[in-house]
Amino acid sequence: MATSLVSPAALNSEVEKRRNFAIISHPDAGKTTLTEKLLLYGGAIHEAGAVKARRAQRHATSDWMEMEQQRGISITSTVLQFDYHDYRINLLDTPGHQDFSEDTYRTLAAADNAVMLEDAAKGLEPQTRKLFEVCRMRSLPIFTFFNKMDRPAREPLELLDEIEQELGLQTYAVNWPIGMGEQFRGVFDRRTKQFHLFERTAHGSKEASKVIVDLGDPRIEELVDQSLYYQFKEELEMIEELGPALDLDAVHAGQLTPVFFGSAMTNFGVQLFLDAFLDYALKPGPRTSTQGEVEPTKEDFTGFVFKLQANMDPKHRDRVAFIRVCSGKFEKDMVVNHARSGKNVRLSHPQKLFAQGRESLDEAFPGDVIGLNNPGVFAIGDTIYQGQKLEYEGIPCFSPELFAYLRNPNPSKFKQFHKGVTELREEGAVQIMFSADETKRDPILAAVGQLQFEVVQFRLQNEYNVDTRLELLPYSVARWVEGGWEALEKAGRLFNTTAVKDSWGRPVLLFKNEWNVGQVEGDHPELKLRNTAPVVSGQQVADL
């Protein structure tokens, strides 16, 4: 099989200019707004769209699904690729809503860096903490952006202290705010020793205009209220004397977070953040595989599937696989090995992703995310490769907390119902399980949150023209059985639990609560239960 050839020097040059990152945050911290402003400064869009979905406003670029536009929230991950200065940036926009945290977990598997966005008035919030732990598990470099400084906010020193005390993460303030709320006048950039004083623009739809003043320039005392300026000087002296030095090795190991202050809505500090991020962020690095660490500069192309999405283009009923390029050079129409099935696959019609918008591409390099049409070949976690066989680490399913039978009340719509459920299951919109009783054919939706149910029903109706009914089940905990059905049969009769099978036909026990889990584990110590699905390569999803 022909391998795409590229000189080591050319490949290394492409890797050096790639930067790939995901934004994590609690809902309403301003993640979609920050995404829009980064695109604005990157020249990828000319006017930033408002996030709230009012009829008279543009929709945010990253929120392409109709339900997202109706509610003004992000409920699915998207990829936005754009160029800025000499860099090619792959921005992985993730859902902030906790009901879609599993989509975020999968997307973080494809990221080299994470940007932790916080509301400066609220500080650390539950969903941010949860997603931070996922970043920590993967030792991702974390950059912190305190947003909404133009509104009433907590003291900057207090915000830094909270990160250090509660996350055990050292902080280095790259810039420092001058005032907050109505008195917010801009930031001081410690990299260049310059004040960036901003003028407010209408809803931040254009790049912010600003005045730049060097440290020591006497004009600063005319432009900034005296009491604000003296407070700023006092705080700056404190962080320079007591704070740690900037250590990029510690940043890349996920032990120290560079911190930025600003306002995405009014563009205060966004470009400063982007410039510093590109200097400090980790370029695409090695990935763990069955053949050990795979360097991005390895000659052979490799990549893995971290997301599937159905109907991004409703007119064409398409299915797109999101592929993270890990090594080598990707080329249009190249033939690769599909590790799970052992088959050869031709990668035709590759697409550069930009939320819902896409354009064809001819090549891609490590760190890039590309879209491929998926005629049912790919599953989440699949590895594709050229050269020596290898597989990258799989992506686990997490324990759902809500369960319901999904009923199709109209038998004449069976084909549409079957197709819709199959495609939504493939993309991981929700986990789907089945009763161990073969006479019960209706799928069981297994979700992290109620909104996942609403999205599945909305999309089945909107994209497949199928109305459905939900019948809630009285369970809140799922556990996978190690050793499969054989281990379950050996255990004999179990009380206060129901056995179902997941999409791979593996046994899952459903419990009403954690107390019941403890009961079964106490009665059957030989039975090993897991709260994440085993990641097994080479398994085909069972047919519905």
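Just above sits the structure.
Residues numbered from 1 in each chain as written. Predicted model: local features only at pLDDT ≥ 70, side-chain atom pairs only at ≥ 80, totals over all residues. Heavy atoms only, no water.

## A short note on the overall build of the protein chain
Quick note on the threshold: Counting from the N terminus, the helices are DSSP H or I runs at least four residues long and the strands are E runs at least two residues long. Relative accessibility thresholds used throughout: buried, under 20% of the residue-type maximum; exposed, over 50%; partly exposed, between the two (1.4 Å probe, protein chains only). Residues count as neighbours in contact if any of their non-hydrogen atoms are within 4.5 Å of one another. Here the accessible surface of atoms and residues is derived via Shrake-Rupley with a 1.4 Å probe, and residues count as covered only by protein chains that are part of the display.
Helix and strand counts for the protein chain stand at 14 helices and 31 strands. For the protein chain, buried positions account for 56% of its 544 residues. Considering only residue pairs separated by 6 or more positions, the protein chain has 71% of its internal contacts joining residues 24 or more positions apart. Summed over its atoms, the accessible surface of the protein chain is roughly 22900 Å², and 47% of this surface lies on carbon and sulfur atoms.

## Thoughts on helix H12 (residues 450–464)
Within an α-helix, residues lying three or four positions from one another point in the same direction, as the helix has 3.6 residues per turn. Spelled out, the test is: Here a helix's expected span is defined as the number of its residues, less one, multiplied by 1.5 Å.
Here H12 is 15 residues long and its end C-alpha atoms lie 21 Å apart, about the 21 Å a rise of 1.5 Å per residue gives. Residues of H12 that are buried: Leu451, Gln452, Phe453, Val455, Val456, Arg459, Leu460, Glu463 and Tyr464.

## What about the environment of Gly262?
For Gly262, the position within the fold is in the loop between strand S11 (256–261) and helix H10 (270–280). According to the relative accessible area criterion, Gly262 is buried, its value standing at 0%. In this structure, the C-alpha to C-alpha distance between Gly262 and Asn175, residues 87 residues apart in sequence, is 9.1 Å.

## Let's talk about the environment of Phe146
Turning to its location among the elements, Phe146 is positioned in strand S5 (residues 142–147). Classification of Phe146 by relative accessible area gives buried; the value is 0%. A C-alpha to C-alpha distance of 7.9 Å links Phe146 and Ser263, two positions 117 residues apart in sequence. Residues in contact with Phe146, not counting those within four places in the same chain, are Glu118, Ala120, Leu159, Leu160, Ile163, Val259, Phe260, Phe261 and Gly262.

## Thoughts on the nonpolar core
Which entries qualify depends on this criterion: Remark: nonpolar core denotes a set of buried residues (Ala, Val, Leu, Ile, Met, Phe, Trp, Tyr, Cys) joined through side-chain atoms within 4.5 Å.
Of all hydrophobic cores here, the largest spans 57 residues; its most connected members are Leu92, Phe146, Phe195, Phe232, Phe261, Phe304 and Phe306. Looking at this core element by element, the count peaks at five residues for helix H8 (residues 226–242). When sequence neighbours within four positions are dropped, the list of residues in contact with Phe304 reads Ala109, Ala110, Arg287, Phe322, Ile323, Arg324, Cys326, Asp382, Thr383, Tyr392 and Ile395.

## Focus on the side chain of Ser263
Note the following rule: In protein, a polar contact requires one atom able to donate a hydrogen and another able to accept it; more generally it is a pair of N or O atoms within 3.5 Å, and residues adjacent in sequence count only if both atoms are side-chain atoms.
Tracing the backbone shows Ser263 in the loop between S11 and H10. One polar contact links Ser263 to Asp150, side chain to side chain, over a distance of 3.0 Å. Ignoring any residue separated from it by four or fewer positions in sequence, one finds Ser263 in contact with Phe145, Asn147, Lys148, Met149, Asp150, Phe268 and Val270.

## Focus on the side chain of Asn516
Tracing the chain through its elements places Asn516 in helix H14 (residues 514–523). Those residues in contact with Asn516, other than ones at most four positions away along the chain, are Asn496 and Phe511.

## Examining the sheet that holds strand S26 (residues 444–447)
Just so we agree on the cut-off: Think of it this way: DSSP has to see at least two bridges between two strands before they count as a pair. In this analysis, axes come from line fits to C-alpha atoms, helices being fitted only over the stretch in contact, and the angle between any two N-to-C directions falls in the range 0 to 180 degrees.
Pairing within the open sheet is antiparallel, and its eight strands lie in the order S27-S24-S26-S25-S29-S30-S28-S31. The open sheet has two edge strands, strand S27 (469–472) and strand S31 (529–530), and neither has a second partner. Note: strand S24 (residues 402–407) against S26, four bridges, orientation antiparallel. Across the sheet, residue Phe403 finds its bridge partner in S26, namely Ala446. Contacts between H12 and the sheet are confined to S24, S26 and S27, with S24 contributing the most and set at about 20 degrees to the helix.

## Details of the pattern of salt bridges
Quick note on the threshold: By definition, a salt bridge exists where a carboxyl oxygen of Asp or Glu is found within 4 Å of a side-chain nitrogen of Lys or Arg.
If you walk through the whole model with that rule in mind, you get 25 salt bridges. In this structure, Lys501 and Glu438 form a salt bridge, with 3.1 Å as the shortest nitrogen-oxygen distance. A residue pair is termed long-range when its members are at least 10 positions apart, and Lys501 in strand S29 (residues 498–501) and Glu438 in the loop between strand S25 (431–435) and S26 qualify at 63 residues. Three or more residues are tied together by salt bridges with common partners; here these are Glu14, Lys17, Arg18 and Asp368.

## Thoughts on unusual backbone geometry
In the Ramachandran plot, His349 falls in the positive-phi region, its phi being about 55 degrees despite a non-glycine side chain. Despite not being glycine, Asn496 shows a phi value in the positive range, around 60 degrees. Mapped onto the secondary structure, Asn496 falls in the loop between helix H13 (484–491) and S29. With a relative accessible area of 45%, Asn496 lands in the partly exposed category.

## Quick word on the packing of aromatic side chains
What counts, and what does not: Think of it this way: a Phe, Tyr or Trp ring, Trp meaning its six-membered ring, pairs with another when their centres are within 6.5 Å, and the plane angle makes it stacked under 30 degrees, edge-to-face over 60, tilted otherwise.
The full count for this structure, using the stated rule, is 17 aromatic pairs. Between Phe304 and Tyr392, the ring centres sit 6.1 Å apart and the planes meet at 55 degrees, which makes this aromatic pair tilted. Here Tyr392 lies in the loop between strand S23 (383–385) and S24 and Phe304 lies in strand S14 (residues 302–310), a separation of 88 residues in the sequence. Owing to a relative accessible area of 5%, Tyr392 belongs among the buried residues under this scheme. One aromatic cluster is present, formed by Phe21, Phe143, Phe145, Phe260, Phe273 and Phe277 through successive ring pairs.

## Regarding the packing of helix H11 (residues 414–426) against H12
As a reminder of what qualifies: Note on angle classes: values under 35 degrees are labelled roughly parallel, values over 145 roughly antiparallel, values of 65 to 115 roughly perpendicular, and the remainder oblique. Whether a crossing is left-handed or right-handed is set by the direction in which the near helix is turned from the far one by less than a right angle, anticlockwise for left-handed and clockwise for right-handed. Gly is placed with the polar residues, together with every amino acid not listed as nonpolar (Ala, Val, Leu, Ile, Met, Phe, Trp, Tyr, Cys and Pro) or charged (Asp, Glu, Lys and Arg).
Remark: H11 packs on H12, axes separated minimally by 10 Å, with the N-to-C direction vectors making an angle of 125 degrees. Classified by the angle between their axes, H11 and H12 sit oblique to one another. The handedness of the crossing between H11 and H12 comes out as right-handed. Mapping the contact onto sequence places Gln416, Lys419, Gly420, Val421, Glu423 and Leu424 in H11 and Val456, Arg459, Leu460 and Tyr464 in H12. Its residues assigned to classes, the contact of H11 with H12 comprises five nonpolar, two polar and three charged.

## Concerning the packing of helix H2 (residues 31–41) against H10
In the contact formed by H2 and H10, the axes pass within 10 Å of each other and the chain directions differ by 75 degrees. Comparing their axes, H10 and H2 come out roughly perpendicular. Mapping the contact onto sequence places Leu34, Lys37, Leu38 and Tyr41 in H2 and Val270, Gln271, Phe273 and Leu274 in H10. Class assignment for the residues of the contact of H2 with H10 results in six nonpolar, one polar and one charged.

## Observations regarding H14
To be explicit about the condition: The arc in question is traced by the directions running from the helix axis to the C-beta atoms.
Every buried residue belonging to H14 is among Asn516, Val517 and Val520, and all of these are buried. Along H14, the residues classed as buried sweep out an arc of 105 degrees about the axis, all on the same side. In this structure, H14 carries Trp515 and Gly522 as exposed residues pointing more than 90 degrees from its buried face. Packing partners of the buried residues in H14 comprise strand S28 (477–481) and strand S30 (507–511). At the N-terminal boundary of H14, the capping side chain belongs to Asn513, with an oxygen 3.2 Å from the backbone nitrogen of Trp515.

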